[in-house]
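Each chain, letter by letter, is given below.
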Amino acid sequence: MKKIFSFLLAVIMIFSFCACTAEKEQQDNKDDTLLNYTVDSHYSTYDESVIRAYNKLCEAVEKGETSVKFNYTMADSVNQLFYTCYPLYSLVSNASFTEDNSAVTITYINDIETHKKLVAQFKEKLNSVMEECGYNRVGVNEYIFNVYTYISKNIVIDSSVTTSFDALLQGKGIEAAVNSLFEYLVLQGGGRACHAINLDGASTMISTANFNGKWYYFDPASEARLNAGKALTRFAMNDENVKKLYSVAGFTYTDGEKIVPITDKAYSSLINSTEYKIDNSKVDVTLSDDDKVFSITFN
């Protein structure tokens, strides 16, 4: 009897050890999962070699590596992507080619241990927000809507936080950082989005995103500042909406190229929204003019 009991105990201990080991390996693999290195959709047509070099630089930063190799002739394009599209750039104090142009040397603002902790915190928060916004459970259009409303309800406009990296972790930031975070989340979820900066050189930065097959302007940061996310006044705007709301000559992409006119009026009445209610995959929006209701339905 004692031998049987001892045998059963040994079996239980072996299975327990295996389960713990498997769980630890699963957690380690989760922690080691690399970010998806997305790019502002305006730059999606860049040469594949530039995209690969950009990915290598992003991966090196994510891992806390101090050097990475890619062709020197691609430096300007890679930098354009890195500082436009990758939130973790704010953890880098300098990234420059060596004297012989054979590699990029990377130095960080924090020590490597702190750097890796911040990267892990960013990835954990990113996954949490994407999960809350329905990533992999809803269609891309509904996910974009959920990202917009998540940001406008949960992020506070604060001039002390200037990067999308910190805006995600701290839940606050300047409007440009908050809108950059919106774009990054949209891109991470499989959508298309771009920076939109004002043509006359002032500091306004909003976003464009492809929603329901067409491009519109989005400004969740102003939504957060103006009504704490209770309405949808800056959701899926066209040129006419933008002209009414912003004192700028127009908007361009970050490389100075003008944005193609956005004239579709499908959601233009949302500029007059006062509140909205979500019922499964349908959104009923109350408009200020005669309490009309505008509905958005997701398939």
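Draft legend 1. Summary view of the packing of aromatic side chains. With the rule as written, the count across this model stands at 26 aromatic pairs. For the ring pair tyrosine 83 and tyrosine 89, a centre distance of 5.6 Å and an interplane angle of 70° mean the geometry is edge-to-face. You can call tyrosine 83 partly exposed: its relative accessible area is 39%. One aromatic cluster in this structure is built from Phe145, Tyr148, Phe182, Phe211, Tyr216, Phe218, Phe235, Tyr267, Tyr276, Phe294 and Phe298.

Draft legend 2. Quick peek at unusual backbone geometry. Even without glycine at this site, alanine 236 takes up a positive phi of about 50°. Mapped onto the fold, alanine 236 is located in the loop between helix 8 (220-227) and helix 9 (239-245). For alanine 236, a relative accessible area of 1% translates into the label buried.

Draft legend 3. Region of the structure containing helix 7 (residues 175-188). The terminal C-alpha atoms of helix 7, which comprises 14 residues, lie 20 Å apart, in line with the 20 Å expected from a rise of 1.5 Å per residue. A large share of helix 7 lies buried, amounting to 12 of its 14 residues. Listing the buried residues of helix 7 in full gives Ala177, Val178, Asn179, Ser180, Leu181, Phe182, Glu183, Tyr184, Leu185, Val186, Leu187 and Gln188. At the C-terminal side of helix 7, glycine 190 shows a positive phi close to 95°.

Draft legend 4. Molecular detail of a negative patch on the surface. Together, Glu275, Asp289, Asp290 and Asp291 give the surface a local cluster of negative charge. Relative to the helices and strands, glutamate 275 is located in strand 10 (residues 273-279).

Draft legend 5. View of the packing of helix 7 against helix 8. Packing of helix 7 against helix 8 leaves a shortest axis separation of 7 Å and a crossing angle of 125°. Accordingly, the angle class assigned to the pair helix 7 and helix 8 is oblique. In this structure, helix 7 contributes Glu175, Val178, Asn179 and Phe182 to the contact, and helix 8 contributes Pro220, Ala221, Ser222 and Arg225. Across the contact of helix 7 with helix 8, the residue classes break down as 4 nonpolar, 2 polar and 2 charged.

Draft legend 6. Examining the sheet that holds strand 12 (residues 293-297) more closely. Read across the open sheet, the 3 strands follow the order 10-11-12; overall the sheet is antiparallel. Two strands close off the open sheet at either side, each with one partner strand: strand 10 and strand 12. Each adjacent strand pair in this sheet contributes to an overall mean axis angle of 20°, direction not counted. Strand direction decides the pairing type here: strand 11 (residues 282-287) and strand 12, joined by 5 bridges, are antiparallel. Directly across from threonine 286, in strand 12, lies its bridge partner valine 293.

Draft legend 7. Looking closely at the confidence of the model for the protein chain. Taken as a whole, the protein chain shows an average pLDDT of 89; of its residues, 89% reach a score of 70 or greater. Residue range residues 1-30 is modelled with pLDDT below 50. Its contacts to residues more than four positions away, or to other chains, number 0 contacts.

How each quantity is defined
Residues numbered from 1 in each chain as written. Predicted model: local features only at pLDDT ≥ 70, side-chain atom pairs only at ≥ 80, totals over all residues. Heavy atoms only, no water. Phe/Tyr/Trp six-rings, centres within 6.5 Å; stacked < 30°, edge-to-face > 60°. Buried < 20%, exposed > 50% of the residue type's maximum accessible area, 1.4 Å probe, protein only. Helix = DSSP H or I, 4+ residues; strand = E, 2+ residues; numbered from the N terminus. Expected span 1.5 Å × (residues − 1). Patch = residues over 30% accessible without salt bridge, like charges linked within 9 Å, V, L, I, M, F, W, Y side chains within 5 Å. Areas by Shrake-Rupley, 256 points an atom, 1.4 Å probe, with all protein chains shown as cover. Salt bridge = Lys/Arg side-chain N within 4 Å of Asp/Glu carboxyl O. Lys, Arg positive; Asp, Glu negative; His and termini not counted. Charge placed at Lys NZ, Arg CZ, Asp CG, Glu CD. Axes fitted to C-alpha atoms, helices over the stretch in contact; angles between N-to-C directions. Parallel < 35°, antiparallel > 145°, perpendicular 65-115°, else oblique. Contact = heavy atoms within 4.5 Å. Nonpolar A, V, L, I, M, F, W, Y, C, P; charged D, E, K, R; others polar. Pairing = 2+ DSSP bridges. pLDDT = per-residue confidence, 0-100.

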